[in-house]
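Read off the chains here:
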Protein chains: 2
Amino acid sequence: MEITFFGTSAGLPTKERHTQSIALSLEPYETDIWLFDVGEATQHQILHHSIKLGKISHIFITHMHGDHIFGLPGVLTSRSFQGGDSKPLTVVGPVGIKAFVEQNLALTHSHLNYPLHIIEINQSIDLSFNQFQVKVRPLNHGVPCFGYRVEAPSTPGKLDVDKLKALGIQPGPLYQQIKTQDTFEFEGRIYDASPFKGPNKQGPVVSIFGDTKPCESQFILAENADVIVHESTYIEGDKTRANSYHHSHIDDVLQLLSAANVKHGLLTHLSNRYTIEDIAQIEKDIKSKTPVSFQFVRDYTSYSF
Amino acid sequence: MEITFFGTSAGLPTKERHTQSIALSLEPYETDIWLFDVGEATQHQILHHSIKLGKISHIFITHMHGDHIFGLPGVLTSRSFQGGDSKPLTVVGPVGIKAFVEQNLALTHSHLNYPLHIIEINQSIDLSFNQFQVKVRPLNHGVPCFGYRVEAPSTPGKLDVDKLKALGIQPGPLYQQIKTQDTFEFEGRIYDASPFKGPNKQGPVVSIFGDTKPCESQFILAENADVIVHESTYIEGDKTRANSYHHSHIDDVLQLLSAANVKHGLLTHLSNRYTIEDIAQIEKDIKSKTPVSFQFVRDYTSYSF
């Protein structure tokens, strides 16, 4: 799978960084794209990328602040003209997202040419879209705000070919059946497939956080993830200030990455006060002092896992 | 005065052109900026220009289509952080603009730190902001849509110095009084000032149109203007199609410029199908065939008058 950042600034865009939006490519499991948050000008950023609006099947909104959703009406309406024709789209977000979408469309006389489903969330919930599991948990940001833990499907364990051959089963179509099903039939007898293959292998896990100060559900979302996307609005100075604004300081995020045993952290939503040069220098300094695997991202940073 | 274009595409942004937004600098009359329409990412475009959001005193919306207003919530909220502190802002637009602004602000938990006044228009109206007159007239675009004719203040006519000296009035503070007032006093007698100066000189006139197919009020708005900003969604081919979508074809606009005796036309809102190169070539071809003064504009084109 692959994550691409279309906006990495906080609150306001800067000359170098747009406000929040993240694309998750589900390849090789599915060809769809999922979008997380849609800051203003997300559709403009996408114009300069190979992703097409019509490929987006789901949009997840972490919270209703403008720097996370002001680009949503534009993405929804432009999608009608860029391959979205008839392909359904699901929007998941906090209570209020339905009114936001419907009122913006109605007041601007907009008509979509595809079915739009809106799911409003007001508490912890476990969702399932095709083969993907999505755990949604509330964060602590002063307004309703959620994190999304996305678990890719498991893949069947490796076949024990020696064991199968010993039973007289030669490579062929039956192997695929044994790999993907619980039982199989051979020479008139039904076998339990599990002794002939390794345990299922969990697909990659990625957690994408909305804005938050440290809170308990962060650990549930992040635990043992391959990668998490987390805000790090303040990357220097005193962390009391960050938390008083319901935001995270870099120290909070490094602690979470370590405590939750996360393989890699992609840190975004850096305050608009920082230039690209500031960020590169601060990243270098922090990396010299911690073994935790992380990076500060910028617009169009992409990460495969 | 000066006009700057932040977006010149129609319907959808392209890689080269954003959706609609136009800034009008009122210098030398006032230091304020007026904005006409606010397509998505207008605040991003402004970041790369010397204009500051805090200098914007009025925003005029021609109509409620997304390519003309999806950037409005972002401009309003970001203005709180970019010099807009306490300086009032007036938004003028069709009925629905108040709900659009208020619902977007409320649903995104946004609070402005300056007074916001919203004026909704549902018919022809003549407005006056400081010394400027603004004539608002309805156009024909399938949805309520308006054009704005902005008339800069008149400046006093030139003094007839010879006539004043003949009366015994030498250059001094009294000259300024004669220039700016209807009467003046000299040696105990009250004089009518008008015989001692030329007629008032009308300030520049600019008309900014919303989307429209040809209609009667275009002539009222455009007549004898120094410059008009007009949509020209279709710049080639058959004009029947343009008009059937309630849009203008280049032939319509050239005819208007000529019939209304407009000094110069700035043509924008060109269909997103056209590249910058297409536009340059078509402009060259048309200019070789007409004496009408016009230009197709692109993002950041600026025009002084």
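Residues numbered from 1 in each chain as written. Chains lettered and ligands numbered in written order. Predicted model: local features only at pLDDT ≥ 70, side-chain atom pairs only at ≥ 80, totals over all residues. Heavy atoms only, no water.

A. Focus on the relation of the copies chain A and chain B. Superposing chain A onto chain B takes a rotation of 179 degrees combined with a translation of 0.1 Å along the rotation axis, leaving an RMSD of 0.2 Å. The two molecules are tied by a two-fold rotation axis, judged by turn and shift. Scanning chain A for the C-alpha nearest the rotation axis identifies A:Ala41, at a separation of 2.7 Å. (Least-squares fit on C-alpha atoms with pLDDT ≥ 70 in both.)

B. Representation of the side chain of B:Glu40. Its place among the elements puts B:Glu40 in the loop between strand S4 (33-38) and helix H1 (42-47). Although B:Glu40 is buried, it makes no salt bridge; A:Arg79 carries the closest opposite charge, 14 Å away. A polar atom in the side chain of B:Glu40 sits 2.8 Å from the side chain of A:Gln43. If we skip the residues at most four places from it in the chain, B:Glu40 touches A:Glu40, A:Ala41, A:Thr42, A:Gln43, A:His44, A:Gly71, A:Gly74, B:His18, B:Thr19, B:Phe70 and B:Gly71. (Helix = DSSP H or I, 4+ residues; strand = E, 2+ residues; numbered from the N terminus. Buried < 20%, exposed > 50% of the residue type's maximum accessible area, 1.4 Å probe, protein only. Lys, Arg positive; Asp, Glu negative; His and termini not counted. Salt bridge = Lys/Arg side-chain N within 4 Å of Asp/Glu carboxyl O. Polar contact = N/O pair within 3.5 Å; in protein donor to acceptor, adjacent residues only side chain to side chain. Contact = heavy atoms within 4.5 Å.)

C. Seen up close, the pairing of strand S6 (residues 89-94) of chain B. Residues and elements named next belong to chain B. Counting buried residues in S6 gives six out of six residues, a clear majority hidden from the surface. Taken together, the three bridges between strand S5 (residues 56-60) and S6 define a ladder with parallel strand orientation. Bridge pairing links Phe-60 to Val-92 in S6. The pairing of S6 with strand S7 (residues 116-121) spans six bridges and is classified as parallel. In the sheet register, Val-92 faces S7, and the bridge partner there is Ile-119. The β-α-β motif built from S6, the intervening helix H4 (residues 97-107) and the parallel element S7 has right-handed crossover chirality. (Pairing = 2+ DSSP bridges. Right-handed = clockwise from strand over helix to strand, strands pointing away.)

D. How the structure looks around the sheet that holds strand S8 (residues 125-129) of chain B. Residue and element names in this part refer to chain B. Spatial strand order, S8-S9-S10-S13-S14-S15-S17: seven strands in an open sheet with mixed pairing. Here the strands that pair on one side only, and so sit at the sheet edges, are S8 and strand S17 (294-296). In this sheet, adjacent strand axes meet at a mean angle of 20 degrees when their direction is disregarded. Bridge analysis of strand S14 (residues 227-231) against strand S15 (residues 264-268) gives five bridges, and the strand direction is parallel. Each bridged residue has a counterpart across the sheet, and for Glu-231 the counterpart in S15 is Thr-268. Contacts between helix H9 (residues 250-259) and the sheet are confined to S14, S15 and S17, with S14 contributing the most and set at about 160 degrees to the helix. (Axes fitted to C-alpha atoms, helices over the stretch in contact; angles between N-to-C directions.)

E. Structural detail: helix H3 (residues 72-79) of chain B. Most of H3(B) sits out of view: eight of its eight residues are buried. Here H3(B) has its buried residues at B:Leu72, B:Pro73, B:Gly74, B:Val75, B:Leu76, B:Thr77, B:Ser78 and B:Arg79.

F. Spotlight on the interface of chain A and chain B. Taken together, the contacts link 33 residues of chain A with 33 residues of chain B. Of the roughly 2,900 Å² buried where chain A meets chain B, counting both sides, 66% is carbon and sulfur surface. Looking at the side of chain A facing chain B, the largest losses of area belong to A:Glu40, A:Phe70 and A:Leu107, adding up to 22% of the total buried there. Viewed at the interface, chain B and chain A are joined by five residue pairs in polar contact (both at pLDDT 80 or more). Only helix H1 (42-47), helix H2 (66-69), helix H3 (72-79) and helix H4 (97-107) of chain A provide two or more residues apiece to the side of chain A that touches chain B. Here the element with the most residues in the side of chain A that touches chain B is H4(A); it accounts for five residues. Here the residues of the side of chain A that touches chain B are counted per class, giving 13 nonpolar, 18 polar and two charged. (Buried area = accessible area lost by both parts, 1.4 Å probe. Nonpolar A, V, L, I, M, F, W, Y, C, P; charged D, E, K, R; others polar.)

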